[in-house]
Amino acid sequence: MTNKDAATVGATETTLRVLETLKGLDGAGVTEVADRLDLPKSTVHNHVSTLLKNEYVVKEGSTYRVGLQFLEFGEYIRNRMPIYEVARPEVERLAEETGELANLLVEEHGKGVYLCRAKGSQAVRLDTYAGMRVHLHCTALGKAILAHLPEERVREIVETRGLPARTETTVTDEGALMAELEGIRERGFAYDEGERLAGLRCVAAPIRNLDGNALGAISVSGPTSRMKGDRFDEEIPEALTSAANVIELNLNYA
């Protein structure tokens, strides 16, 4: 790699860090971004000015915000993914039938990315949204995916992303996680016992290709007060595995 190449990569990384900071702060001025990233204000100003000129950010007074240009990219990417088009009707049906929140998640770069979600009549309001990225080990969706990835890929993800604790029940030990993944493979679905958000329970089923590897996962989430007993242990898992089977058939044999 030449020095020129290194400088170009460095500039791109700075632009991406600026965008991530604007998103994380829900909009900010040049000084706030510069302080957060420990960069000169002139550098941040140059980057946000370039982003503004190319319509990737908007400016409101002295505050810069991420622009809607990214929505076009997101919709383009999502709509070209067969799993989204095939799974979306099943996600919506699960939400309607259970009254809870139903979700579709895929893995990218070792994290889970929500592709879509649907709210039933009793669904709780959560922080999740299409495009949101989460650690895989602390969600039922993520664990359903991890359970059906090659072991070397799982260990690579754990090494790269770690096993940070989100709540008191998050699995943070690699050995315990691997044992849980074995249990998921045996029963065909995964549980989340408040491991990302306290008070929330979730059941997820993997969506697999013909080789048995995970393409994604679907889930139903709800408060602990409703996700219990036969509903949590039998009814919702059965509905999820049935929906996952329909999605797999449509994806693998269409």
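What counts and how
- Sequence positions are assigned chain by chain, starting from 1 and proceeding in written order.
- Local features in this predicted model are restricted to residues of pLDDT 70 or higher, and side-chain atom pairs are both shown and tallied only at a pLDDT of 80 or more, whereas totals for entire chains, interfaces and linings draw on every residue.
- Computation of side-chain values: all heavy atoms of the structure, hydrogens and water removed.
- Numbering goes from the N terminus for both helices and strands, where a helix is a DSSP run of H or I of at least four residues and a strand is a run of E of at least two.
- Exposed residues in this analysis have more than 50% of their type's maximum accessible area, buried residues have under 20%, and partly exposed residues fall in between, with area computed by a 1.4 Å probe over protein chains only.
- In this description, contact between two residues means that some pair of their heavy atoms is separated by no more than 4.5 Å.
- For the accessible areas, the method is Shrake-Rupley and the probe is 1.4 Å, while residue cover comes only from the protein chains on display.
- We count Lys and Arg on the positive side and Asp and Glu on the negative side, and we leave His and both chain ends out.
- Taken as the charge centre is NZ of Lys, CZ of Arg, CG of Asp or CD of Glu, depending on the residue.
- Each Phe, Tyr or Trp ring (for Trp, its six-membered ring) is paired with any other whose centre lies within 6.5 Å, and the angle between the two planes then decides the class: stacked below 30 degrees, edge-to-face above 60, tilted in between.
- A positively charged side chain is recorded as over a ring if its NZ (Lys) or CZ (Arg) lies within 6 Å of the ring centre. The angle to the ring normal must also be within 35 degrees.
- Lines fitted to C-alpha atoms define the axes here, with helix axes fitted over just the stretch in contact, and angles between the N-to-C directions of these axes take values from 0 to 180 degrees.
- For any helix crossing, the convention is left-handed if the near helix is rotated counterclockwise from the far helix by under a right angle, and right-handed if that rotation is clockwise.
- For this classification, the nonpolar set comprises Ala, Val, Leu, Ile, Met, Phe, Trp, Tyr, Cys and Pro, the charged set comprises Asp, Glu, Lys and Arg, and every other residue, Gly included, is treated as polar.
- Arc definition: it is the arc formed by the directions from the helix axis to the C-beta atoms.
- Here the nonpolar core consists of buried residues drawn from Ala, Val, Leu, Ile, Met, Phe, Trp, Tyr and Cys, with membership extended through side-chain atoms lying within 4.5 Å.
- Here, a strand pair is defined by DSSP locating no fewer than two bridges between the strands.
- Patches here are clusters of residues that have more than 30% relative accessible area and form no salt bridge, with a 9 Å joining cutoff for like charges and a 5 Å cutoff for nonpolar side chains (Val, Leu, Ile, Met, Phe, Trp, Tyr).
- We define a salt bridge as a side-chain nitrogen of Lys or Arg found within 4 Å of a carboxyl oxygen belonging to Asp or Glu.
- The predictor attaches a confidence to each residue, and that confidence, scored 0 to 100, is pLDDT.

Caption draft 1: Expanded view of the overall build of the protein chain. A tally of helices and strands in the protein chain yields nine helices and eight strands. Along the three orthogonal principal directions, the C-alpha set of the protein chain runs to about 60 × 40 × 40 Å. When the 254 residues of the protein chain are sorted by exposure, 42% land in the buried category. A separation of at least 24 residues holds for 58% of the contacts in the protein chain among residues at least 6 apart in sequence. When the accessible area of the protein chain is evaluated, it comes to approximately 13600 Å², of which 48% is carbon and sulfur surface. In the protein chain, 30 positive and 40 negative side-chain charges are present, and the distance between their average locations comes to 6 Å.

Caption draft 2: Up close: the packing of aromatic side chains. Inspection of every chain in the model, using the stated rule, returns four aromatic pairs. The positively charged end of Arg187 is found above the aromatic ring belonging to Phe189, 5.6 Å away from the centroid. Over the aromatic face of Phe232 sits the side chain of Arg201, whose NZ or CZ is 4.4 Å from the ring centroid.

Caption draft 3: Just the packing of helix H2 (residues 30–37) against helix H3 (residues 41–53), in detail. Two elements in contact, H2 and H3, have axes whose closest approach is 9 Å; the angle formed by their N-to-C orientations is 115°. The element H2 and its partner H3 pack so that their crossing is right-handed. Facing Val30, Thr31, Val33 and Ala34 of H2, the residues of H3 in contact are Lys41, Val44, His45 and Val48. Looking at side-chain class alone, the contact of H2 with H3 contains five nonpolar, two polar and one charged residues.

Caption draft 4: Layout of helix H7 (residues 151–161). Listing the buried residues of H7 in full gives Val154, Ile157 and Val158. Angularly, the buried residues of H7 cover 95° about the axis, an arc narrow enough to put them on a single face. Along H7, exposed side chains directed more than 90 degrees from the buried face belong to Glu152, Glu159 and Thr160. On its buried face, H7 is in contact with strand S3 (101–108), helix H6 (140–146) and helix H8 (174–187). Phi turns positive, to about 75°, at Gly162, one or two residues after H7.

Caption draft 5: Structural detail: the nonpolar core. Residues Val91, Leu94, Leu104, Val203, Ile218 and Leu240 are the most contacted members of the largest nonpolar core, which totals 27 residues. Every element with two or more residues in this core is listed here: helix H5 (82–98), S3, strand S4 (111–119), strand S7 (200–208), strand S8 (214–223) and helix H9 (229–253). With residues near it in sequence (within four places) discarded, Val203 still touches Ala140, Phe189, Ala190, Tyr191, Ile218, Ser219, Val220, Met227, Phe232, Ile236, Pro237 and Leu240. Core analysis: the second largest hydrophobic core is formed by 26 residues, Leu105, Met132, Leu163 and Leu181 among them.

Caption draft 6: Summary view of the sheet that holds S4. Ordered in space as S5-S4-S3-S8-S7-S6, the six strands form an open sheet in which the pairing is antiparallel. Taken across any chain shown, the strands that pair with only one partner, and hence form the sheet edges, are strand S5 (133–134) and strand S6 (190–193). Judged from the eight bridges that link them, S3 and S4 form a sheet pairing that is antiparallel. Across the sheet, residue Val106 finds its bridge partner in S4, namely Val113. H5 contacts S3, S4, S7 and S8 of the sheet and is inclined by roughly 50° relative to S4.

Caption draft 7: Spatial organisation of a nonpolar patch on the surface. Among the surface-exposed residues, Val66, Phe70, Phe73, Tyr76 and Ile77 lie close enough to one another that they form a single nonpolar patch of about 460 Å² accessible area. Among the elements that line the nonpolar patch, the one with the most residues is helix H4 (residues 69–79), at four residues. Relative to the helices and strands, Phe70 resides in helix H4. Taking relative accessible area as the criterion, Phe70 reaches 33% and is therefore assigned partly exposed.

Caption draft 8: The arrangement of the confidence of the model for the protein chain in detail. On average, residues of the protein chain score 94 in pLDDT, and 96% of them reach the 70 mark or higher. Counting contacts from residues 1–7, a segment whose pLDDT is below 50, to residues more than four positions away or on other chains yields one contact.

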